[in-house]
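Each chain, letter by letter, is given below.
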Amino acid sequence: MSNEVLVRTISGVTLGILVLLITWIGGLLFDVLSIGIMALVFFEWYRIVLAQKPDRIIWLAGSAAITATGICVLAGYGPLGVAISMCGAAVVGILSKIRGIAWWPAAGILYASFFCVAFSELRNSGDGYGFAAIIFIFAIIWSTDVFAFFGGRQFGGPKLAPSISPKKTWSGFFSGLLGGIVGGVVAASLMTPSAIAWVVALSAILSISGQLGDLLESGLKRRFGVKDSGSLIPGHGGVMDRMDSVIIAAFVAFAVGLLLSGNLMISRGGNNIALQLLGP
């Protein structure tokens, strides 16, 4: 085993165990994890899109919006954090226009903050299904990645989006979709009494969402000529490089649970989101 593969394996396993442990604990520690990921994702996004033209005013305004969202999450008012981040993104968008900068920094605020709120609210929604919901998402995304990698290598064929990610194929996409469904069904079967038809459908939705999230980040990096979003994780790159699929899948899962609850509450626990997502 080469040193690069060894470093990649050790860092990946270590981070995976740490994240799973914090997910099991939940509560404040999980909120801190969600906020930490949000801050790092926003920093990496900003680093990518404004590498050629850094702007302190845009950075400070975006950081203020991210900080305010984090405070809302810690206080148990995640959905309010969504509203605040949208206002912050609007302000940054206006400032960017005035200062001759494209809208990318504003999009980064929404990308990072929506994930943070979704991740935290799903885990700590207070209905007893929060842990199952996060593990369900992880199982789908990890299975999708593994099946897509090996399926794409085994079957090859037409490219999925050659202008965005030249290595991805349709065979990898459908292999990943199958893997995501298998992973979701296994995880749900072990933890919840959810109806199998619903689990299959939801697993497919989240697997596709995760793959779209991967393409989104690949497109962003290609647009700005960046190989990795950062270098924080040895052998893996940046936080966005590891979380791109989870970011979109978590937000989609949150949106589905919120839609099923039919009741938007600004305080945590009012919607029983995880229960609506995976309950009987």
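Bear in mind that the values here come from a model prediction, so they are computed numbers and not experimental data.

Quick notes on the rules
- Residues numbered from 1 in each chain as written.
- Predicted model: local features only at pLDDT ≥ 70, side-chain atom pairs only at ≥ 80, totals over all residues.
- Heavy atoms only, no water.
- Helix = DSSP H or I, 4+ residues; strand = E, 2+ residues; numbered from the N terminus.
- Expected span 1.5 Å × (residues − 1).
- Buried < 20%, exposed > 50% of the residue type's maximum accessible area, 1.4 Å probe, protein only.
- Arc of directions from axis to C-beta.
- Contact = heavy atoms within 4.5 Å.
- Patch = residues over 30% accessible without salt bridge, like charges linked within 9 Å, V, L, I, M, F, W, Y side chains within 5 Å.
- Areas by Shrake-Rupley, 256 points an atom, 1.4 Å probe, with all protein chains shown as cover.
- Salt bridge = Lys/Arg side-chain N within 4 Å of Asp/Glu carboxyl O.
- Core = buried A, V, L, I, M, F, W, Y, C linked by side-chain atoms within 4.5 Å.
- Axes fitted to C-alpha atoms, helices over the stretch in contact; angles between N-to-C directions.
- Parallel < 35°, antiparallel > 145°, perpendicular 65-115°, else oblique.
- Left-handed = near helix turned anticlockwise from the far one by under 90°.
- Phe/Tyr/Trp six-rings, centres within 6.5 Å; stacked < 30°, edge-to-face > 60°.
- Pairing = 2+ DSSP bridges.

Chemist: Just give me the short version of helix H4 (residues 78-98), but keep the residues and values in it.
Modeler: With 21 residues, H4 ought to run about 30 Å at 1.5 Å a step, and its terminal C-alpha atoms sit 30 Å apart, in line with that. Along H4, the residues that are buried comprise Gly 78, Pro 79, Gly 81, Val 82, Ser 85, Gly 88, Ala 89, Val 92 and Ser 96. Buried residues along H4 cover an arc of 160 degrees about the axis, so they all sit on one side. Structural note: H4 exposes Cys 87, Ile 94, Lys 97 and Ile 98 on the side pointing more than 90 degrees away from its buried face. Residues of H4 that are buried sit in contact with helix H3 (56-75) and helix H5 (104-123). Note on H4: the residue one or two positions beyond its end, Gly 100, has a positive phi of about 70 degrees.

Chemist: With reference to specific residues and values, describe a nonpolar patch on the surface.
Modeler: Nonpolar side chains collect at one region of the surface, where Val 146, Phe 147, Phe 149, Phe 150, Leu 178, Val 182, Val 186 and Leu 190 lie side by side and expose about 790 Å² of accessible area between them. Of all the secondary-structure elements, those providing two or more residues to the nonpolar patch are helix H6 (130-155) and helix H7 (170-191). For Leu 178, the location among the structural elements is in helix H7. Classification of Leu 178 as exposed rests on a relative accessible area of 51%.

Chemist: Give me the lowdown on the nonpolar core, citing residues and values where you can.
Modeler: Formed by 65 residues in total, the largest nonpolar core has its most connected members in Phe 119 and Phe 136. Contacts of Phe 136, omitting those with residues within four sequence positions, involve Gly 184, Ala 187, Ala 188, Met 191, Val 199, Leu 202, Ser 203, Leu 206 and Leu 278.

Chemist: If you had to explain the packing of helix H8 (residues 196-224) against helix H9 (residues 239-261) to someone new, which residues and values would you point to?
Modeler: Orientation of H8 relative to H9, taken along the N-to-C sense of each, is 135 degrees, at an axis distance of 8 Å. Regarding the angle of H8 to H9, the classification is oblique. Viewed along their axes, H8 and H9 form a crossing whose handedness is right-handed. Touching Trp 198, Leu 202, Ile 205, Leu 206, Ser 209, Gly 210, Gly 213, Asp 214, Leu 216, Glu 217, Leu 220 and Lys 221 of H8 are Met 240, Asp 241, Asp 244, Ser 245, Ile 248, Ala 249, Val 252, Ala 253, Val 256 and Leu 260, all from H9.

Chemist: Break down the packing of aromatic side chains for me, citing the residues and quoting the values.
Modeler: What the rule picks out here adds up to 15 aromatic pairs. Ring geometry for Phe 43 versus Trp 59: centroids 6.0 Å apart, planes at 75 degrees, classification edge-to-face. Taken together, the residues span a long stretch of sequence, with Phe 43 in helix H2 (residues 27-49) and Trp 59 in helix H3 at a distance of 16 residues. Residue classification places Trp 59 among the partly exposed positions, given a relative accessible area of 28%. Between the aromatic rings of Trp 103 and Trp 104, the centroid separation amounts to 4.4 Å while the plane-to-plane angle is 20 degrees, which identifies the pairing as stacked.

Chemist: Describe the pairing of strand E2 (residues 165-169), listing the residues and the values that go with them.
Modeler: As defined by bridge partners, strand E1 (residues 159-161) adjoins E2 across two bridges and the pair is classed as antiparallel. Directly across from Lys 159, in E2, lies its bridge partner Thr 169. Connecting E1 to the next strand, E2, in antiparallel fashion are three residues.

Chemist: Can you break down the pattern of salt bridges residue by residue, with the values?
Modeler: Enumeration over the complete set of coordinates arrives at five salt bridges. The salt bridge partner of Lys 221 is Asp 241, with a shortest N-O separation of 2.9 Å. With Lys 221 in helix H8 and Asp 241 in helix H9, the pair connects residues that are 20 residues apart, well separated along the chain. By relative accessible area, which is 12% here, Lys 221 ends up buried. A relative accessible area of 7% means that Asp 241 is categorised as buried. With its nearest N and O atoms 3.8 Å apart, the salt bridge here joins Asp 228 to Lys 227. The structure contains a network of salt bridges with shared partners spanning Glu 217, Lys 221 and Asp 241.

Chemist: So, the environment of Ser 143: which residues are in play, and what are the values?
Modeler: Looking at the element boundaries, Ser 143 is found in helix H6. Taking the relative accessible area as the measure of exposure, Ser 143 reaches 18% and is therefore buried. Separated by 41 residues in the primary sequence, Ser 143 and Gly 184 place their C-alpha atoms 8.4 Å from one another. In contact with Ser 143, other than residues within four places in its own chain, are Gly 179, Gly 180 and Gly 183.

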